[in-house]
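Letter by letter, the chains look like this.
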Amino acid sequence: ETGVTQSPTHLIKTRGQQVTLRCSSQSGHNTVSWYQQALGQGPQFIFQYYREEENGRGNFPPRFSGLQFPNYSSELNVNALELDDSALYLCASSLMGANTGELFFGEGSRLTVL
Amino acid sequence: KNEVEQSPQNLTAQEGEFITINCSYSVGISALHWLQQHPGGGIVSLFMLSSGKKKHGRLIATINIQEKHSSLHITASHPRDSAVYICAVREGSQGNLIFGKGTKLSVKP
């Protein structure tokens, strides 16, 4: 067990709706990153938050947004859902600046958009 | 061409066999991660490498920075090793993680 928890584990939405996914990071970790994994593909980096500020973003449109809270937990918000947003969404926590930089992943939230 | 390439894509082995999964990358990196993903979706970090070799139990990971290549070896493979193994590189010092597509390993008893 990594100490990183994600919720919800599964959800179904329809096109055009909005979704919020949540991630609580491992205790002491100040960095959280989010990834989208389509079926049969490797994860794709969405963005990363460090001390409540976005400090890196992948090739995702602005309707993908996020937040990191003072306790370092995080949210991923997706507006105007499209069918192609159906995927497993993973978050990972780490300690920025640590020599190890090891990542701890949650179990993921599986989103289906109909 | 993907920045991180893994081979093979699929691998079937008999229990007890020695397994090698390869990862090649084309960007400058500060670290390379080997990850294990089981069918439920959760990902476990196996190794983080920036040079040389690391060993944990039956797993060995090596990296050659000059050749931009890493290998993950599993000795005495077991059916519980069946999973998708993913190579991911961190571009630059604090850059994004770039993932390979994964190698699906199936170990038969």
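This text follows the structure it describes.
S.K.: Quick question: what am I supposed to make of the environment of Ile12(A) here?
M.R.: Residue and element names in this part refer to chain A. Within the secondary structure layout, Ile12 lies in strand 2 (residues 10–13). With relative accessibility at 62%, the residue Ile12 sits in the exposed group. Linking Ile12 and Asn77, residues 65 residues apart in sequence, is a C-alpha distance of 15 Å. Non-local contacts of Ile12, meaning those with residues more than four positions away in its chain, are made with Thr112 and Leu114.

S.K.: What should I look at first to understand the interface of chain B and chain A in this one?
M.R.: How big an interface is tends to be expressed through the accessible area that disappears when the partners come together. With 17 residues of chain B at the interface, the matching set in chain A holds 22 residues. Both faces combined, the contact of chain B with chain A buries some 1,500 Å², and carbon together with sulfur accounts for 54% of it. Applying the counting criterion to the chain B and chain A interface returns 0 salt bridges. On the surface where chain B and chain A come into contact, there are 1 residue pair in polar contact (both at pLDDT 80 or more). Those elements giving two or more residues to the side of chain B that touches chain A turn out to be strand 4 (29–37), strand 5 (43–49), strand 9 (83–91) and strand 10 (97–99) of chain B. Considered class by class, the residues forming the side of chain B that touches chain A number 6 nonpolar, 9 polar and 2 charged.

S.K.: Would you mind going over the state of the cysteines with me for this structure?
M.R.: Every disulfide links exactly two cysteines, by a covalent bond between their sulfur atoms. As enumerated under the stated definition, the model contains 2 disulfides over all chains in all. One disulfide in the model links Cys23(A) with Cys91(A); its S-S distance is 1.9 Å. Its torsion about the S-S bond being 70°, the disulfide of Cys23(A) and Cys91(A) is classed as right-handed. With Cys23(A) in strand 3 (residues 19–24) and Cys91(A) in strand 9 (residues 87–94), this pair connects stretches of sequence that are 68 residues apart. Since its relative accessible area comes to 3%, Cys23(A) is described here as buried. The partner cysteine of Cys23(B) in its disulfide is Cys87(B), sulfur to sulfur 2.0 Å. Note on the Cys23(B) and Cys87(B) pair: the S-S dihedral is about -60°, so by sign convention the disulfide is left-handed. Residue Cys23(B) is found in strand 3 (residues 19–25), and its partner Cys87(B) is found in strand 9; the two are separated by 64 residues along the sequence.

S.K.: Mind showing me how you'd approach the pattern of salt bridges here?
M.R.: Two side chains bearing opposite charge may form a pair once their charged atoms approach each other closely. All names here are of chain A. The tally for this structure, following the rule as stated, stands at 5 salt bridges over all chains. The closest approach of N and O atoms between Glu54 and Arg57, which form a salt bridge, is 3.3 Å. Residue Glu54 is classed as partly exposed on the basis of its relative accessible area, which comes to 36%. For Arg57, a relative accessible area of 29% puts it in the partly exposed group. Linking Glu82 and Arg63 is a salt bridge whose minimum nitrogen-to-oxygen distance equals 3.3 Å. With Glu82 in the loop between strand 8 (74–78) and strand 9 and Arg63 in the loop between strand 6 (53–57) and strand 7 (64–68), this residue pair connects regions lying 19 residues apart in the sequence. Residue classification places Glu82 among the partly exposed residues on the basis of a relative accessible area of 40%. Within this structure, Arg63, Glu82 and Asp85 form a network of salt bridges that share partners.

S.K.: Looking at this structure, how should I read the packing of aromatic side chains?
M.R.: Any pair of aromatic rings gets described here by the distance separating the centres and the angle formed by the planes. Under the defined criterion, the tally for this structure stands at 5 aromatic pairs over all chains. A centroid spacing of 5.1 Å and a plane angle of 80° characterise the contact between Tyr35(A) and Phe99(B), whose relative ring orientation is edge-to-face. Of the two residues, Tyr35(A) is situated in strand 4 (residues 31–37) and Phe99(B) in strand 10; the pairing between them involves two chains. On the accessibility criterion, Phe99(B) (9% relative accessible area) is buried.

Calculation rules
Residues numbered from 1 in each chain as written. Chains lettered and ligands numbered in written order. Predicted model: local features only at pLDDT ≥ 70, side-chain atom pairs only at ≥ 80, totals over all residues. Heavy atoms only, no water. Helix = DSSP H or I, 4+ residues; strand = E, 2+ residues; numbered from the N terminus. Buried < 20%, exposed > 50% of the residue type's maximum accessible area, 1.4 Å probe, protein only. Contact = heavy atoms within 4.5 Å. Buried area = accessible area lost by both parts, 1.4 Å probe. Salt bridge = Lys/Arg side-chain N within 4 Å of Asp/Glu carboxyl O. Polar contact = N/O pair within 3.5 Å; in protein donor to acceptor, adjacent residues only side chain to side chain. Nonpolar A, V, L, I, M, F, W, Y, C, P; charged D, E, K, R; others polar. Disulfide = S-S within 2.5 Å. Phe/Tyr/Trp six-rings, centres within 6.5 Å; stacked < 30°, edge-to-face > 60°.

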